[in-house]
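# Structural features, examined
Chain by chain, the residues:
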Amino acid sequence: DAGVIQSPRHEVTEMGQEVTLRCKPISGHDYLFWYRQTMMRGLELLIYFNNNVPIDDSGMPEDRFSAKMPNASFSTLKIQPSEPRDSAVYFCASSRQGAFEKLFFGSGTQLSVL
Amino acid sequence: DAKTTQPTSMDCAEGRAANLPCNHSTISGNEYVYWYRQIHSQGPQYIIHGLKNNETNEMASLIITEDRKSSTLILPHATLRDTAVYYCIVRVDFDNAGNMLTFGGGTRLMVKP
């Protein structure tokens with residue numbers, strides 16, 4: 001398996017623009033997670049899905065952020081409109097359901113909002 | 001989930017064992033200890049986890065004290081590629097709960113030639 005695949009690897013945009021980050025989880029994994037990492041706040045969980053259904057979005061910072069998982073092999077995280085404080089590395093991770101399962105992370109998307 | 005305390009940074013000589021401590025004095029009986037690491041510009045990577053017995057895999061060994069209030073991750077022969085931030089995480093495992101993990105500040109391990 002190729003692992004968790006995220007795109008784009010880098011995104012530079014201007015304030016006010018819409019940004020869409022994409023994630024393909026590992027095939028067969030039931031859970032998908034979106035994390036954000038900044039120097040100030042470290043690694044924060046934004047939202048996670050179980051079997052394509054959003055379970056907990058309490059970490060989503062504002063209504064400007066939205067996430068979808070239309071099928072088991074694809075998820076998006078959208079920011080509209082984007083702001084400079086959204087600049088961060090966004091990671092997607094997936095895992096199988098079970099008591100001893102571990103998270104597999106993608107390589108992340110480096111987002112810069114100018 | 002129990003809170004963890006780790007040193008901010010550590011150095012280790014290449015080829016020597018790296019011993020990374022973690023304090024989790026408020027851990028409860030059904031909480032597991034997980035270790036992840038994050039190499040620069042990459043996503044976090046699972047290393048090992050355990051409940052109360054010591055564990056070993058191809059990457060590392062995990063030593064958990066008898067009272068479970070602290071643990072040590074051991075990289076037996078550190079290489080330059082082991083330079084990374086190491087996160088110690090404590091959480092409960094339930095079949096029906098989310099597998100999300102909360103990452104604290106971690107320990108920045110620098111392996112030096």
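Up top is the structure.
As the structure is a prediction and not an experimental result, all values here were calculated from the model. (Residues numbered from 1 in each chain as written. Chains lettered and ligands numbered in written order. Predicted model: local features only at pLDDT ≥ 70, side-chain atom pairs only at ≥ 80, totals over all residues. Heavy atoms only, no water.)

### Thoughts on the state of the cysteines
Here the structure, examined in full by the defined rule, presents two disulfides over all chains. A sulfur-sulfur distance of 1.9 Å marks the disulfide that ties Cys23 of chain A to Cys92 of chain A. On the sign convention where negative means left-handed, the S-S torsion of about -65 degrees between Cys23 of chain A and Cys92 of chain A marks this disulfide as left-handed. Placement of the pair is Cys23 of chain A in strand 3 (residues 19–24) and Cys92 of chain A in strand 9 (residues 88–95), with a sequence separation of 69 residues. Side by side, Cys23 of chain A and Cys92 of chain A carry an identical accessibility label, which is buried. The disulfide that involves Cys22 of chain B links it to Cys88 of chain B, with 2.1 Å between the sulfurs. Judged by the sign of its S-S torsion, about -80 degrees, the cystine formed by Cys22 of chain B and Cys88 of chain B is left-handed. A residue pair is termed long-range when its members are at least 10 positions apart, and Cys22 of chain B in strand 2 (residues 18–23) and Cys88 of chain B in strand 8 (residues 84–92) qualify at 66 residues. The thiol of Cys12 of chain B is not disulfide-bonded; the next cysteine sulfur, from Cys22 of chain B, is found 18 Å away. The exposure class of Cys12 of chain B is buried, given its relative accessible area of 9%. (Disulfide = S-S within 2.5 Å. Helix = DSSP H or I, 4+ residues; strand = E, 2+ residues; numbered from the N terminus. Buried < 20%, exposed > 50% of the residue type's maximum accessible area, 1.4 Å probe, protein only.)

### Some points on the pairing of strand 8 of chain B
Residue and element names in this part refer to chain B. The element strand 8 is extensively covered by neighbouring structure, given that nine of its nine residues are classed as buried. Covered by surrounding structure in strand 8 are Ala84, Tyr86, Cys88, Val90 and Val92 together with Val85, Tyr87, Ile89 and Arg91, the residues of both alternating faces. Across eight bridges, strand 3 (residues 31–38) lies against strand 8 in antiparallel orientation. Bridging from a neighbouring strand, Glu31 pairs with Val92 of strand 8. Here three bridges tie strand 8 to strand 9 (residues 107–112), and the two strands are oriented antiparallel to one another. Counted as the bridge partner of Val85 is Arg108 from strand 9. (Pairing = 2+ DSSP bridges.)

### Here's the deal with the sheet that holds strand 9 of chain B
Residues and elements named next belong to chain B. Read from one edge of the open sheet, five strands run 1-9-8-3-4, paired in mixed fashion. Every interior strand has two partners, whereas the edge strands, strand 1 (9–13) and strand 4 (45–50), have only one. Geometrically, the sheet is characterised by an average inter-axis angle of 25 degrees between neighbouring strands, direction not taken into account. (Axes fitted to C-alpha atoms, helices over the stretch in contact; angles between N-to-C directions.)

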